[in-house]
Amino acid sequence: MKILSLITLTFLSLNLFAQSSNQTVVELMEKSGSIEMLKQFDAITNSKIAEKKSSFENENEFKKFVAIMSSGFNSENAKKYFIEYFENNTNEENLKEVLSMYNAPLLIEMSKIELEANDLSKQQEQLAFFQNLKSNPPSQNRVQQLITLNNELGTSEMTVKLLQNMIVSMAKGANNAQPKEKQITLEELEQKISSSLPANFLQQMTNQIVALSMFTYKDVSDEKLEEYIKLWQTPTGQYYIKKTLEALDYTFSKMGEITGKSFGKV
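About the cut-offs
Residues numbered from 1 in each chain as written. Predicted model: local features only at pLDDT ≥ 70, side-chain atom pairs only at ≥ 80, totals over all residues. Heavy atoms only, no water. Helix = DSSP H or I, 4+ residues; strand = E, 2+ residues; numbered from the N terminus. Buried < 20%, exposed > 50% of the residue type's maximum accessible area, 1.4 Å probe, protein only. Contact = heavy atoms within 4.5 Å. Areas by Shrake-Rupley, 256 points an atom, 1.4 Å probe, with all protein chains shown as cover. Lys, Arg positive; Asp, Glu negative; His and termini not counted. Charge placed at Lys NZ, Arg CZ, Asp CG, Glu CD. Salt bridge = Lys/Arg side-chain N within 4 Å of Asp/Glu carboxyl O. Expected span 1.5 Å × (residues − 1). Arc of directions from axis to C-beta. Axes fitted to C-alpha atoms, helices over the stretch in contact; angles between N-to-C directions. Parallel < 35°, antiparallel > 145°, perpendicular 65-115°, else oblique. Left-handed = near helix turned anticlockwise from the far one by under 90°. Nonpolar A, V, L, I, M, F, W, Y, C, P; charged D, E, K, R; others polar.

Peer 1: Give me the overall build of the protein: which residues, what numbers.
Peer 2: Counting its regular elements, the protein contains 15 helices and zero strands. The dimensions of the protein, computed from C-alpha atoms along their principal axes, are 70 × 60 × 30 Å. Residues counted as buried form 37% of the 266 residues belonging to the protein. Long-range contacts, defined as pairs at least 24 residues apart, comprise 86% of the intrachain contacts of the protein with a sequence gap of at least 6. For the protein, the accessible surface area stands at approximately 15900 Å², while carbon and sulfur atoms represent 55% of it. With 28 positive and 33 negative side-chain charges, the protein shows a spacing of 5 Å between the two charge centroids.

In structure tokens form, the structure reads like this:
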């Protein structure tokens, strides 16, 4: 009985150690701006869906497409799965350290800058900024700083992975809904999707992200940006980046599966 109790207590301790409370996760999501970012997901999705309207022959088919895409890719699902991953796959103590980091004036300031720069209302301002870049290019030092920041955050690699996982999840859901004789293997699905992406897709994404970063941090000094990069290079910063990228991967895969099943039914 004593041995059984010890084993039970051990596993309970391991489970508690591997999880974080909802309160801590939500507090961190609010501090980091992740909640605000996820709230914008509906507007971004709707905008991308609207771009495809001209490729449909009639209104009813387009409405079906909108319903299918919205069933999986929406801000409620994004928030739900993102928080779910953090609750089940992070450590409470480590998240408390990340929270302390986000209470630092520099991170409060930079989070605000990033949220404002990525707001959909800034699109015209972005276009004007990029047009002006031709005559006023950034310094080589600033470009290198932004490349380093992208590498530390793993943004471009994760973006490519998210897109691949999202498409694979959708295709997998649709494939599983087909009659057995019409289904193809997961390996075939992944191969078809992988071969459809451009060979230099990662480099293209890196170029785009660095360009967007030029706009985001346009009013930030080199010294402050350097300090910001060093913050993400700390063990606490690296832990949070790793868990955030994993949470995004999990979230997009889950939303892709829902959308894939909806496609399969149609």
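Peer 1: Account for the pattern of salt bridges, with residues named and values stated.
Peer 2: Proximity of charged atoms lets side chains of opposite charge pair with each other. All told, the structure shown has 11 salt bridges when counted by the stated rule. The residue glutamate 61 makes a salt bridge to lysine 64 at a minimum N-O spacing of 3.7 Å. Taken as a pair, glutamate 61 and lysine 64 lie in helix H5 (residues 59-72) at a separation of three residues, close to a single helical turn. You can call glutamate 61 partly exposed: its relative accessible area is 37%. For lysine 218, the salt bridge goes to aspartate 219, with nearest N and O atoms at 3.6 Å. Three or more residues are tied together by salt bridges with common partners; here these are Lys122, Glu125, Lys218 and Asp219.

Peer 1: How would you summarise the side chain of threonine 244 if you had to cite specific residues and measurements?
Peer 2: Along the chain, threonine 244 falls in helix H15 (residues 235-265). Judged by relative accessible area, threonine 244 falls into the buried class, the value being 16%. Look past the residues within four positions of threonine 244 in its chain and what remains in contact with it is Phe82 and Phe86.

Peer 1: Would you mind going over the environment of glutamate 36 in detail, with residue names and values included?
Peer 2: Mapped onto the secondary structure, glutamate 36 falls in helix H3 (residues 34-39). Taking the relative accessible area as the measure of exposure, glutamate 36 reaches 38% and is therefore partly exposed.

Peer 1: Explain helix H8 (residues 105-117) to me, using residue names and the numbers behind them.
Peer 2: Taking 1.5 Å as the rise per residue, H8 with 13 residues should run 18 Å; its terminal C-alpha atoms sit 18 Å apart, in good agreement. Listed in full, the buried residues belonging to H8 are Leu106, Leu107, Met110, Ser111, Glu114 and Ala117. All buried residues of H8 project into a common sector of 135° when viewed along the axis, lining one side. For H8, the exposed residues set more than 90 degrees away from the buried face come down to Pro105 and Lys112.

Peer 1: Break down the packing of helix H11 (residues 155-176) against helix H12 (residues 186-196) for me, citing the residues and quoting the values.
Peer 2: Here H11 crosses H12 at 140°, and the two axes come no closer than 10 Å. Judged by the angle between their axes, H11 and H12 are oblique. Regarding H11 and H12, the two cross each other, and that crossing is right-handed. On H12, the residues touching Ile167, Val168, Ala171, Lys172 and Asn175 of H11 are Leu186, Leu189, Glu190 and Ile193. Within the contact of H11 with H12, the residues separate by chemical class into six nonpolar, one polar and two charged.

Peer 1: Let's hear about the packing of helix H10 (residues 140-153) against helix H14 (residues 222-232): which residues, and what values?
Peer 2: Contact geometry for H10 and H14: axes closest at 10 Å, N-to-C directions at 20°. By the angle between their directions, the pair H10 and H14 is classed as roughly parallel. Judged by the twist between their axes, the crossing of H10 over H14 is left-handed. Here H10 contributes Asn141, Arg142, Gln145, Leu146, Thr148, Leu149, Glu152 and Leu153 to the contact with H14, which in turn contributes Asp222, Leu225, Glu226, Tyr228, Ile229 and Trp232. A per-class count over the contact of H10 with H14 returns seven nonpolar, three polar and four charged.

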